[in-house]
Structure formats: C-alpha cells, structure tokens
Amino acid sequence: MKECPYGEKCYRKNPIHFGEFSHAHLDTIYEKGNGSGDYDIPAKYSTEMIQTQLKLLEKLFPKSGAKKEKEANVSGSKPPVPASTSSGSSTSGSSNSNPSGSSNSRPAAPIDTSNLAKKQKLNAKNIRDYIPVVLEKGGMAKKLERAAPYNMFLTAITDSKPTHSEPLSITLQEILDESLGDIESTVQINFMVDIGWLLGHYYFAGILDKPLLVLYGDESPELLSISKLKPQVTAIHVRMPTPFATSHTKMMFLGYSDGSMRVVISTANLYEDDWHNRTQGLWISPKLPALPEDADTGAGESQTGFKQDLMLYLVEYKISQLQPWIARIRKSDFSAINVFFLGSVPGGHRESSVRGHPWGHARLGSLLSKHAAPIEDRIPVICQSSSIGSLGANVQAWIQQDFVNSLKKDSSPAGKLRQMPVFKMIYPSFGNVSGSHDGMLGGGCLPYGKNTNDKQPWLKEHLQQWKSSDRYRSRAMPHIKSYTRYNLENQSVYWFVLTSANLSKAAWGCFNKNSNIQPCLRIANYEVGVLFLPRFVTGEDTFPLGNNRDGVPAFPLPYDVPLTPYAPDDKPFLMDYLQG
C-alpha cells in the first residue's frame, strides 16, 4: 500500500483514501491501541482529527476480524475497499509495499488491485482488467445519435448489469471512442483528478500521446510533477480567491483532427470510484465543426448563446493555456447546440443591461423568466445533489428568498401576484446508503455532515428518498446534481438543469441584503451545468414525462417519480456515520 504523500499532515476523512494510502503515524498509534477507540495520541497531533482517522481504520481494518476477513478474501470474496480506488490524489506508481516500514495490520486481498498491478495489466493491454465495464468500440456515434434531442446520459454502474446495455448509459471509454472523431488534443477541467487512472483510459483509447491540458481543483502531488514524466500533459492547479472556495466544475473539450470539437459537461470527478457504482450525469454536445476562415465574428452561435457564455466563463480563469481553446471555440460552429450554458464563477456579480445576471442562480432565474413556459405556482421545485450546504435557520433564509425565488420564474406577464412553490430535496437516507451496492462506503460521495445538519432541522420535512429503479440505479448512490419542475398530472417537464453545483450558497450564490446598493450575488465556486428548455430542444412548451408524446422522446429523468418522502424514522445520510 502506497504511503500518503501528505504524511503526518494528512487531513483527509474519506474512507476511500484510507483504503488506498497508508499513514505511518496512524499505523503506529493504531497498532499500540486496542482497536476500539482507546489510543495514546501524541500531543503534537490534533486529537480530534487523529481520532476521526483512527475510527476509519477501525471500520476498514478491524483487528478482531482480520483473520476472518483474510480467509474470506482468499476464498474469493470482495475486499471491503478496493485498493485501486482513491480520493483523487493517487498515482500510477508502485504501491506494493509500505515505504515507511510501519506495521502491517491490514488484511491481505488475494488479487492485487493496486495501481502498480494496473500498470502491469495495462502494459499487457488487457482492458477488462483495468476497466470494469467495457463495451465494443465504434458504437458511440450511433448511441449519441439515438440519444437526441437531449444527449444526456448516466454513467454505467459496475454492479448493475442492466445499465451496461441501457441506451442512455455511458462509459468514459465511449466518450473517447474513435467513432465520435479522431482526437488530436483534449482539455479536462475537474475538481479531483487521478492522473494515473485517467491516462490509463487515454492509453486504451489510443490517445496517450496527444496533448492534454488539465485544470484541477483538489491538490494533487502527482499532478504537480506529471509534465516531467508525461511532457504531453500540462496540469494547472486552479487557485481560488478564498480558503473555502472550490474549483468544482467538471467539463471536457475534445479536439478532433478535422478541426471540429466537442464539449462534455459532467458531474463525475476523474477517478475510479466516481465511474464505478455512483450515479453520474453527462451531457455531450453534437460535433462542432470549424467555421470557414472568412466567417463573421458572431457566426456559429447557437440560439441559446452557448458559445458566448462558454467563452466568457473560460476567460474568468485567467489562465493563458486556455487561450488557444478559447480561440478554437470562437472559430467553431456551435449552432447545433440546443441547451443553455449555466456557470458560476467566484466573486460578486451584478445584473447588467446586456446579459442580465451573468452567473449562478440569478442567471438561471433570468433565463427562466425569458424562456420558460408559464408554470402554476403549485408545481414544486425539485432539487437533488450529493451534498448540502449551510442553508440558514429556516427555509425562508436562503432557499425561498434567494434560490427558489430564482427557480420559480417563468415567462408569465409581470404584475401577477405569485405564490412561493413547494421546495423538495432528493438526498439519500441512511437506509438508501446502507442498502447500496457498496454498503455504507457508498456514502463516500455524500459529504453532508452532522454539524451542518443539526443547524437546519427544518430541512427534514422537505427531504425525499433516492430511488431510481426505472434506471436500475436505486443502489447506486447519486453524485449527480439536478434541478427541475415537472407536473405529474399532465406528464410534463417544464425545464431541467444538470450541473456540478450542489445545493449551497457557495455553488449558486447568495444576494447581499444591503438595500442601499444594487443587489450583488456573491459566489465562491467555479461550477458548470446545462439548462434544458423545451422551446429550444423540442420546439414545445414542455418535455414529455414517462412516455413519448407525438414522436418526442420522454425526458430521461435520473430518478423515479412520484418521489418518496422520508418516513418519520428516516434520517439523511451523514458523512459522520463513516467516522463512527
């Protein structure tokens, strides 16, 4: 097992990280303790942090059960945490031994699933040993064609076989499939990037030697030095203006040898677990051909203004290496795109006379007020995300005053007195997670904590279970984020958002409350999503729900409707459950 690059400074509390990386200082303390909470922690460490991390070791590698677990593993059962997973900072280097020489109290698995083993298998060119769900090459172009007009997919779930053949399921290899074009260069903008895992996919796609630009949010020692090992890779850490802000966007650009390109907007980080047993969403653009050399400056724009909004977003990074791609986007034909680009960028933002509100929930509200068909006030606003921020003392504080106030908008004439629609929030319950494909570890992608939850007890009455039996994903915990309004009575969807943005002020923004100045929306994070509005996608006022309507395919919701509210004894899953 590879030693954690952060050593004694490791602050992580993610069980996946402790399943792959060893920590000499923790191993020493754990070995001397009784394995059930009684430890002698040296004064130089943060007692609270170390206690939390030791509780994770107790759960992952219980002392009393080590012998049984080893026997079970030898007989072929699955180890509790695959050594091949990571929290986004793993590498393709050796992980056979513990370089620190610390005690080895961890159960052995019969099959070496370390990154070294993967590298050896990769060299043997056995893709099925490296990637769990492998589909025949060459079929992605037809799959994308059949996914029109929405072009929205969910990732295939390793332990849910029906998803492997579902028409709207997708793998990373399919996104890189040669049937979509001959890739000459790519950009990956993401929060967590396991570069060894990603380059393994590039290897099997036959594009390992092609230029790759990575913009990443979560610190990774491997990415700091990757260009020395792989000169074709340029990795840039996105610096944030405030300590708690996050570069959370998940987006790809694929450049093809014929001069065309493609945009992919996703909810998945670029590491193994996010593409394994978690429900993720992706939107894939049509192929965007190069414009003629003499094309007008404003040529090739979509009806939704996607190209302009995307370029304005990329400029906000102030990263020179993006300039060639901004130029390429400017010279590409985006007219086939039928969705709106929806971004968040850090800073304070005010409404302008030209674009209206540029970012965050105010931008979504601005678009809805222009283009969404009139919606009855009784139709709820449905939110769904993999984490929940600090939302205030009551539902009015931010949810109603800011967020739902934007999401309730439509193109109804101004002046009519409107009611505040009901707010519903889909978030996995403890029961949802414990019954998932990965058991309690399925909650590793749900970082909502007890401290925050205790401050907003009002939220529980708005919570809905995660159920996705129609898409074979009820046991695949959702890392997807989506927002919508639909009417079950007439089987209609009014609009839908797929985004990287969780339900939080940091992601969507919060208006200042100073009435003496023009309202300013404060946003902390970089986020990206797409807005599906029926008038631009199908030419109608609503999308069909459940069944096709007059030749228009039903909108592919990621979860079951009607929703299932929490029962009185249900509780939301909290990350603290993984920490004892």
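Residues numbered from 1 in each chain as written. Predicted model: local features only at pLDDT ≥ 70, side-chain atom pairs only at ≥ 80, totals over all residues. Heavy atoms only, no water.

Going by the annotation in an unreviewed UniProt entry, the name recorded for the protein is Probable tyrosyl-DNA phosphodiesterase, with Drosophila rhopaloa given as the source organism. What UniProt records for the protein under Subcellular location (unreviewed entry) is the sentence "Nucleus". Under the Sequence similarities (unreviewed entry) heading, UniProt states for the protein: "Belongs to the tyrosyl-DNA phosphodiesterase family." (UniProt positions renumbered as here; feature names shortened; annotations may be inferred.)

Caption draft 1: Geometry of the sheet that holds strand β6 (residues 212–216). The eight strands are arranged β4-β3-β11-β9-β8-β5-β6-β7 in an open sheet whose pairing can be described as mixed. Two strands close off the open sheet at either side, each with one partner strand: β4 (169–170) and β7 (233–237). Looking at chain direction, strand β5 (residues 183–190) and β6 are connected through five bridges and run parallel. Residue pairing across strands places Val187 opposite Leu213, the latter belonging to β6. Helix-sheet contacts for helix α13 (residues 323–330) involve β5, β8 (251–256) and β9 (261–266), and the interaxial angle to β8 is about 70°. (Pairing = 2+ DSSP bridges. Helix = DSSP H or I, 4+ residues; strand = E, 2+ residues; numbered from the N terminus. Contact = heavy atoms within 4.5 Å. Axes fitted to C-alpha atoms, helices over the stretch in contact; angles between N-to-C directions.)

Caption draft 2: Summary view of the UniProt feature "active site" (unreviewed entry) in the protein. Feature annotation in UniProt assigns "active site" (unreviewed entry) to the following positions: His248 and His479. In three dimensions, the annotated residues from a span of 232 residues occupy one location, with a maximal C-alpha spread of 12.7 Å. For His248, the position within the fold is in the loop between β7 and β8. Setting aside residues up to four positions removed in sequence, His248 forms contacts with Phe191, Lys481, Ser500, Asn502, Tyr526 and Glu527. Residue position: His479 is located in the loop between β17 (477–478) and β18 (481–487). Apart from residues no more than four positions distant in its own chain, His479 is found in contact with Lys250, Thr267, Ala268, Asn269, Asp274, Thr279, Gln280, Ser386 and Cys445. Separated by 2.9 Å, the side chain of His479 and the backbone oxygen of Thr267 make a polar contact. (Polar contact = N/O pair within 3.5 Å; in protein donor to acceptor, adjacent residues only side chain to side chain.)

Caption draft 3: A look at the sheet that holds strand β13 (residues 347–349). The strand order β13-β21-β20 describes an open sheet built from three strands, whose pairing is antiparallel. Strands with a single pairing partner mark the edges of an open sheet, and in this sheet they are β13 and β20 (510–511). Sheet topology note: the β13/strand β21 (residues 521–523) ladder contains three bridges and is antiparallel. By the bridge assignment, Gly347 is partnered in β21 with Ile523. Of the strands in this sheet, β20 and β21 touch helix α14 (residues 360–371), which is tilted by about 125° from β21.

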